Amino acid sequence: MHAPIERCFLLSTSVKIVEQELKMRPVRGRTSGFIIGEDTILWKGWQFGLPQFHESIIERFQPPVFFRDRMIAGRFATFEHDHAFTEQVNGSVLLQDEVRFTMRWGWPGSLIGQLLLLPHIRALLQRRFARLKRIDESEEWKKYLPEVAAAEIRR
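Presented here is an overview of the structure given in this document. (Residues numbered from 1 in each chain as written. Predicted model: local features only at pLDDT ≥ 70, side-chain atom pairs only at ≥ 80, totals over all residues. Heavy atoms only, no water.)

**Quick notes on the sheet that holds strand E6 (residues 93–102)**
Hydrogen bonding along the main chain pairs the strands of a sheet, whether they run parallel or antiparallel.
Here is step 1: Spatially, E1-E2-E3-E4-E5-E6 is the arrangement adopted by the 6 strands of the open sheet, whose pairing is antiparallel. Sheet topology places strand E1 (24–29) and E6 at the edges, where each strand pairs with a single neighbour. Direction aside, neighbouring strands of the sheet carry axes that sit 25° apart on average.
Here is step 2: The sheet strands contacting helix H2 (residues 15–22) are E1 and strand E2 (40–47), and the helix crosses E2 at an angle near 20°.
Here is step 3: Of the strands in this sheet, E2, strand E5 (78–87) and E6 touch helix H3 (residues 106–136), which is tilted by about 160° from E6. (Pairing = 2+ DSSP bridges. Helix = DSSP H or I, 4+ residues; strand = E, 2+ residues; numbered from the N terminus. Axes fitted to C-alpha atoms, helices over the stretch in contact; angles between N-to-C directions. Contact = heavy atoms within 4.5 Å.)

The following block contains the structure:
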């Protein structure tokens with residue numbers, strides 16, 4: 001992304017942007033604004049025609065270079081999502097996500113994970129990256145970070 005690393009990091013922690021992409025709503029814990037370390041957030045909604053819930057804790061938080069959310073309740077046996085931000089020599093920011101999960105129900109769950117959930121998660125991450133890039137590299141970021149935009153204007 002061609003934007004300051006601080007902006008890229010902040011936008012990645014926006015509950016509103018995550019909600020738009022997940023198509024689930026936050027109902028408990030941090031339900032608006034920006035997540036920070038030790039926050040929890042419970043998401044509820046529908047996926048694959050079934051009611052879903054996913055509660056995470058932000059267990060590592062190192063602005064503006066890294067954060068990890070880990071599922072503490074939900075449909076997966078385990079679920080961890082690392083978000084890493086690296087400034088490049090050309091001034092751009094490389095955003096790398098790593099998702100690790102295991103399924104319940106033994107080998108049938110693993111098969112469902114590989115055939116159904118892995119492609120779904122990959123597509124979700126691709127849409128998320130595209131949305132963040134569009135917002136970060138346009139004036140749209142000011143809608144999500146009005147305080148930062150106001151501070152830049154004052155400079």
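**A short note on helix H1 (residues 5–12)**
Here is step 1: With 6 of 8 residues buried, H1 is to be regarded as a mostly interior element.
Here is step 2: When we look at burial in H1, the residues that qualify are Ile5, Arg7, Cys8, Phe9, Leu11 and Ser12. (Buried < 20%, exposed > 50% of the residue type's maximum accessible area, 1.4 Å probe, protein only.)

**Digging into the pattern of salt bridges**
Here is step 1: A complete count under the given rule lists 14 salt bridges for this structure.
Here is step 2: The shortest N-O distance in the salt bridge between Glu21 and Arg127 comes to 3.1 Å. A residue pair is termed long-range when its members are at least 10 positions apart, and Glu21 in helix H2 and Arg127 in helix H3 qualify at 106 residues.
Here is step 3: Taking the relative accessible area as the measure of exposure, Arg127 reaches 37% and is therefore partly exposed.
Here is step 4: Between Arg100 and Glu80 there is a salt bridge; the shortest N-O distance is 2.7 Å. Of the two residues, Arg100 is situated in strand E6 and Glu80 in strand E5; the sequence distance between them amounts to 20 residues.
Here is step 5: Residue classification places Arg100 among the partly exposed positions, given a relative accessible area of 27%.
Here is step 6: Judged by relative accessible area, Glu80 falls into the partly exposed class, the value being 23%.
Here is step 7: Three or more residues are tied together by salt bridges with common partners; here these are Glu59, Arg68, Arg70, Glu80, Asp82, Glu98 and Arg100. (Salt bridge = Lys/Arg side-chain N within 4 Å of Asp/Glu carboxyl O.)

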